[in-house]
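Descriptive analysis of the structure
Each chain, letter by letter, is given below.
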Amino acid sequence: MIKQIYPIVSLPEANACIEAGVTVLGLNPVARPRGSVGEISYARAQQIIAGVKDRCKVVVIALENDPQVILEKARLLRPDILHISGDRFCADRELVATCKRELPFMKIMQAVQVVDTTAIEQAKTFGLFVDYLILDTGSSSDKGIGASGRTHDWNISRQIVNSCGVPVVLAGGLGCDNVQQAIRKVRPWGVDSMTKTNCPRPDGDRAKDLEQVRLFCRLADRAAPQ
Ligand SMILES: O=C(O)c1ccccc1NCC(=O)[C@H](O)[C@H](O)COP(=O)(O)O
């Protein structure tokens, strides 16, 4: 079972998460501050990616809506997985073809906001040309696809897993309280967690709660089909 955890902000945090069982480290690198959760500089992302090389996969999120900015990010950071999650831009065949030509090792993962059953057709269409899908909840129509801390209708997610033709990561409000139920219901290839595996810090910032991360990974593995 793939266990993907966002947002990792330093190499020590990355190492601690690997030790806790995480298999995909999620980074949110930005060229300039955007006000999203867990933002790090490109230089910090490069340090983390180089530091975990061959020990763990790294996924880089692109919340931007400009394909040129997304491509520049991918070219510079060369992650294992590029997670496209803008609220006004989705992966298209042109972007995927450019990535496959220039960065053939990199997988493309498109976020799908599961609002209602229209997500099923959307997912099937993306499944024709991306490598993976991540099914997420979204806060509202103008606040993006992820980081809501809320679950969505897993019946729809299950239908997408059964019909989209590519591996699916389930995200949205997952934590130690519900990851096993989610896996048994949806049967995804992987699970993702952010809000429920964070802990606040006295300075007002946040960090990963390593005990929650460790338990999340353990519970996910136990619930995974053999
Ligand atoms: O979508 C965002 O704004 C975001 C910002 C920073 C890092 C990751 C982000 N979202 C993508 C993810 O995969 C989250 O982990 C996913 O939305 C789950 O979030 P949560 O519901 O808080 O567990």
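The chain goes by N-(5'-phosphoribosyl)anthranilate isomerase in an unreviewed UniProt entry, where it is assigned to Neobittarella massiliensis. Its UniProt record gives the chain a comment under Pathway (unreviewed entry), which states: "Amino-acid biosynthesis; L-tryptophan biosynthesis; L-tryptophan from chorismate: step 3/5." Quoted verbatim from the Catalytic activity (unreviewed entry) heading of the UniProt record, the comment on the chain is "N-(5-phospho-beta-D-ribosyl)anthranilate = 1-(2-carboxyphenylamino)-1-deoxy-D-ribulose 5-phosphate".

Right, let's get into the overall build of the chain. From N to C terminus, the chain includes eight helices and 11 strands. Over its C-alpha atoms the chain spans a radius of gyration of 16 Å, differing by no more than 12% from the 17 Å that the globule rule assigns to 226 residues. C-alpha atoms of the chain, sized along the principal axes, occupy 40 × 40 × 35 Å. Restricting to contacts in the chain with at least 6 residues of sequence separation, those with at least 24 account for 56%.

Moving on to the site of the ligand. Contacts to the ligand come from 26 residues, most closely from Y6, G146, A147, M194 and T195. Listed by contribution, the elements that provide at least two residues to the shell around the ligand are β2 (24-29) and β9 (190-193). Partitioned by chemical class, the residues of the shell around the ligand number 10 nonpolar, 13 polar and three charged.

Glancing now at the environment of T118. By the secondary structure assignment, T118 is in helix α5 (residues 118-126). Spatially, the C-alpha atom of T118 lies 9.3 Å from that of I156, the residues being 38 residues apart in sequence.

As a further point, take unusual backbone geometry. For residues other than glycine, phi is negative in most cases, and the peptide bonds are mostly trans. In this structure, the amide linkage connecting Y6 to the following residue, P7, adopts the cis form with an omega of -25 degrees. Among the secondary structure elements, P7 is positioned in the loop between β1 (2-5) and α1 (11-19). Non-glycine residue D54 carries a positive phi angle of around 70 degrees. Inspection of the secondary structure assignment puts D54 in the loop between α2 (42-52) and β4 (57-62). For D54, a count of 4 C-beta atoms within 10 Å puts it in the exposed group. Here the phi dihedral of R187 falls at roughly 60 degrees; this positive angle occurs in a residue that is not glycine. One can find R187 in the loop between α7 (179-186) and β9.

The next point concerns the packing of α7 against helix α8 (residues 210-223). Relative orientation of the contacting elements α7 and α8 amounts to 30 degrees, with a least axis distance of 8 Å. Taken together, α7 and α8 sit at an angle that is classed as roughly parallel. Between α7 and α8 lies a crossing whose hand is right-handed. Together, V179, Q180, I183 and R184 of α7 and F216, L219, A220, R222 and A223 of α8 make up the contact between the two elements. A breakdown of the residues in the contact of α7 with α8 according to their chemical character gives six nonpolar, one polar and two charged.

Conventions we followed
- Residues numbered from 1 in each chain as written.
- Predicted model: local features only at pLDDT ≥ 70, side-chain atom pairs only at ≥ 80, totals over all residues.
- UniProt positions renumbered as here; feature names shortened; annotations may be inferred.
- Helix = DSSP H or I, 4+ residues; strand = E, 2+ residues; numbered from the N terminus.
- Rg over C-alpha atoms; globule rule 2.2 N^0.38 Å.
- Contact = placed C-beta atoms within 7 Å.
- Near = placed C-beta within 6 Å.
- Nonpolar A, V, L, I, M, F, W, Y, C, P; charged D, E, K, R; others polar.
- Buried ≥ 20, exposed ≤ 12 C-beta atoms within 10 Å, placed from the backbone.
- Axes fitted to C-alpha atoms, helices over the stretch in contact; angles between N-to-C directions.
- Parallel < 35°, antiparallel > 145°, perpendicular 65-115°, else oblique.
- Left-handed = near helix turned anticlockwise from the far one by under 90°.

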